[in-house]
Amino acid sequence: FGAFLAGSDGRYYLAFGEANLEENDEKEVWRIVQYDAGWNRLGAASVTGGSSLSTFPFDCTLARMALSDSGELTLHAARERYASGDGLNHQSNFTITVDTADMSVKSVSTPFPGNHVGHSFGQFVQYDGDIPVTVDHGDAYPRSFYLQKDGQGATLLALAGATGENVTHAIGSGFEVSDRGYLFLGCSAPQKDFAAEGKAPWNVFLSYADKDLSSATLTWLTQSENTIDTARLVKLNENSFAALWLQDGCLHYQKLDGAGTPVGQEQIRPDLTAFPPPQPAVHNGTIYWIQYFAGPPRLFTLTPEA
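An account of the accompanying structure is given in this report. Everything quoted here is computed from the prediction, not taken from an experiment.

Thoughts on the environment of Arg232
Working step 1: Here Arg232 shows up in strand S18 (residues 231-237).
Working step 2: Spatially, the C-alpha atoms of Arg232 and Cys187 are 9.9 Å apart, while their sequence positions differ by 45 residues.
Working step 3: Those residues in contact with Arg232 that lie beyond four places of it in its chain are Ser173, Leu185, Ala242, Ala243, Leu244, Phe275, Pro276, Pro277, Pro278, Gln279 and Pro280.
Working step 4: In this structure the side chain of Arg232 is engaged in a polar contact, spanning 2.6 Å, whose partner is the backbone oxygen of Pro277.
Working step 5: A distance of 3.4 Å separates a polar atom in the side chain of Arg232 from the backbone oxygen of Pro278.

What to know about a nonpolar patch on the surface
Working step 1: Judged by side-chain polarity, Phe1, Phe4 and Trp39 come together as a nonpolar surface patch covering roughly 380 Å² of accessible area.
Working step 2: When you line up the elements, Phe4 lands in strand S1 (residues 3-6).
Working step 3: Given a relative accessible area of 43%, Phe4 falls into the partly exposed group.

Quick word on the packing of aromatic side chains
Working step 1: For the coordinates displayed, the defined rule picks out 14 aromatic pairs.
Working step 2: Ring geometry for Phe1 against Phe16: centres 6.2 Å apart, planes inclined by 65°, an arrangement best described as edge-to-face. Placement of Phe1 in the segment before S1 and of Phe16 in strand S2 (residues 12-17) is noted, with a sequence separation of 15 residues between them.
Working step 3: Given a relative accessible area of 64%, Phe1 falls into the exposed group.
Working step 4: Here Phe16 falls in the partly exposed class, since its relative accessible area comes to 29%.
Working step 5: Centroid distance Phe205 to Trp220: 5.9 Å. Interplanar angle 65°. Geometry classified as edge-to-face. On the criterion of sequence distance, the pair formed by Phe205 in strand S16 (residues 203-210) and Trp220 in strand S17 (residues 216-220) is long-range, its members being 15 residues apart.
Working step 6: Since its relative accessible area comes to 28%, Trp220 is described here as partly exposed.
Working step 7: A network of ring pairs unites the aromatic residues Phe124, Phe145, Phe184, Phe205 and Trp220 as a single cluster.
Working step 8: Residue placement shows Arg64 over the ring face of Phe124; its charged tip is 3.7 Å from the ring centre.
Working step 9: When the ring centre of Phe112 is taken as origin, the NZ or CZ atom of Arg81, which lies over that ring, is 4.7 Å away.

Parameters and conventions
- Residues numbered from 1 in each chain as written.
- Predicted model: local features only at pLDDT ≥ 70, side-chain atom pairs only at ≥ 80, totals over all residues.
- Heavy atoms only, no water.
- Helix = DSSP H or I, 4+ residues; strand = E, 2+ residues; numbered from the N terminus.
- Contact = heavy atoms within 4.5 Å.
- Polar contact = N/O pair within 3.5 Å; in protein donor to acceptor, adjacent residues only side chain to side chain.
- Patch = residues over 30% accessible without salt bridge, like charges linked within 9 Å, V, L, I, M, F, W, Y side chains within 5 Å.
- Areas by Shrake-Rupley, 256 points an atom, 1.4 Å probe, with all protein chains shown as cover.
- Salt bridge = Lys/Arg side-chain N within 4 Å of Asp/Glu carboxyl O.
- Buried < 20%, exposed > 50% of the residue type's maximum accessible area, 1.4 Å probe, protein only.
- Phe/Tyr/Trp six-rings, centres within 6.5 Å; stacked < 30°, edge-to-face > 60°.
- Lys NZ or Arg CZ within 6 Å of the ring centre and 35° of its normal.

Right, dumping it as structure tokens:
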């Protein structure tokens, strides 16, 4: 199992993978299954080892899916590829697009696609209209949180350290599209001196890129001396968002506009010590999530106020 999406079409999508260490071109390695709201299986898209050149799907990754208004589904993940000329199996990002009307495969990444990122350890995807926009957490090519759209790219946060050094002292937390641009939330050390990063606290950052990718701005939302490594970005509407993070054992949040600019003051909820494990849901401006404790699951809600 690699990813789940509750689609805006009222259907559920699950992505699965199976290892293909023998490099069998005919073996099914990737599968995306479509279900209705009652979990009745409606159809599936299948990708083989030969068409994906994959030996290990969902390798060192946190994959995500997105659905366009016209019914195109994108899975943005990572794979270990067939052995290269150097005899090694390299890891890189991987994208599949599917027509959900009949679950036919529209496109599959080549070994070095237009949105290639070598050593991609986290993937994000959202649609801007019918255009998929991706973000990768790369440790090598490039070494950054890197946004891509229609063959163009923008660095959201450059990561200190040598090319290919697996440790990056950062994690991506959320990616959303506004009516003006693209917002990306994460937690990171300062990314100034790799030798000192291991002892530096992580804080919450927000990167914003215009839709033409002509510029990207970075804002640090926190300045804590204690590491913050858990955050979520929640879309309330096309021009309103909430950045949530767990700090000192309780939930903090900051409202943002469509350009990633803070609106009002940071809010602290000491009564909310439960933080959303997955991406929370939004209904009528209220954020909902389920959290497990020593007992049955409990439903939590938060209505952000500036």
